[in-house]
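Close look at the chain arrangement
Below are the chains, spelled out letter by letter.
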Amino acid sequence: VLHNCITEALRMHPPLILVLRYAKTSFEVTTKSGKSYTIPKGDVVAASPNFAHTLDYVFDDPLKYDPSRFAPPREEDKRTPLGFIGFGGGRHGCIGSNFAYLQIKTIWSHLMRNFEFELLDPVPEPDYESMVVGPKACRVRYTRRKLKV
C-alpha cells in the first residue's frame, strides 16, 4: 500500500520536468491517433512526466489522488509501454529507483508511526525554479504520538 501511495505522489508531482534521450538511430513513432513521425538519428527526444502522467487514456481521472490505480487488477500504469516515467524508463531508467523507494518507505514509516501532521498553509504549488521540482515553502506542524507498548 505504501509503495502505491509513493508511486501515486510521484505520478502527480514528478521531480523532473523532462526526461531527455539521444536518438542513436533513426526510428518511427506512431501516436495514439495513428499519425507517424520519424525521429532522425542524433536528435534529442524529450518526454514530460508532468504531461504523460495526466493522459486520461493511461490514467483514469488523472488529477485525482488514487494509489489503488497501481494495484492489481487495475494497474493503469501498464496500459501503455512506459505509462509511468517517474524514474525515467526503458533501458536508461534510474538505477537508484529501488533504493529511493526503500529510503522513502523507511522515512515515512518512521514519521507516520511517531508523529501526527497538520498542514498549516495551503497545499504548496510546485517550484519550477530548478532542474528538480519540489514544493514551494509551506508550514507543517508535527506532534509526537504517544506510543503504546
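Residues numbered from 1 in each chain as written. Predicted model: local features only at pLDDT ≥ 70, side-chain atom pairs only at ≥ 80, totals over all residues. Heavy atoms only, no water.

Attention now moves to the packing of helix α1 (residues 2-12) against helix α3 (residues 97-114). Closest axis-to-axis distance for the α1/α3 pair is 10 Å, and the angle between their directions is 110°. In terms of axis orientation, α1 runs roughly perpendicular to α3. Listed contacts from α3 to L2, H3, I6, T7 and L10 of α1 are Y101, I104, K105, S109 and M112. When grouped by side-chain class, the residues that make up the contact of α1 with α3 number 6 nonpolar, 3 polar and 1 charged. (Axes fitted to C-alpha atoms, helices over the stretch in contact; angles between N-to-C directions. Helix = DSSP H or I, 4+ residues; strand = E, 2+ residues; numbered from the N terminus. Parallel < 35°, antiparallel > 145°, perpendicular 65-115°, else oblique. Contact = heavy atoms within 4.5 Å. Nonpolar A, V, L, I, M, F, W, Y, C, P; charged D, E, K, R; others polar.)

Taken together, the side chains of W108, M112, F117, L119, V123, V140 and Y142 define a hydrophobic patch exposed on the protein surface, amounting to about 710 Å² of accessible area. With respect to the helices, strands and loops of the structure, V140 is situated in strand β8 (residues 140-144). (Patch = residues over 30% accessible without salt bridge, like charges linked within 9 Å, V, L, I, M, F, W, Y side chains within 5 Å. Areas by Shrake-Rupley, 256 points an atom, 1.4 Å probe, with all protein chains shown as cover. Salt bridge = Lys/Arg side-chain N within 4 Å of Asp/Glu carboxyl O.)

For α1, the full list of buried residues reads N4, I6, T7, E8, L10 and R11. Along its buried surface, α1 packs onto α3. (Buried < 20%, exposed > 50% of the residue type's maximum accessible area, 1.4 Å probe, protein only.)

As a further point, take the confidence of the model for the protein chain. Summing up the model confidence of the protein chain, the mean pLDDT is 94 and the portion of residues at 70 or higher is 100%. Taking the mean pLDDT of every element in the protein chain, the minimum, 90, falls on strand β7 (residues 134-135) and the maximum, 97, on strand β3 (residues 36-39). (pLDDT = per-residue confidence, 0-100.)

Right, let's talk about the pairing of β3 for a bit. Bridge count between strand β2 (residues 27-30) and β3: 4 bridges; the pairing is antiparallel. When the bridges of β3 are listed, V29 appears paired with Y37. What sits between the antiparallel neighbours β2 and β3 is a turn of 5 residues, in which G34 has the positive phi angle 100°. (Pairing = 2+ DSSP bridges.)

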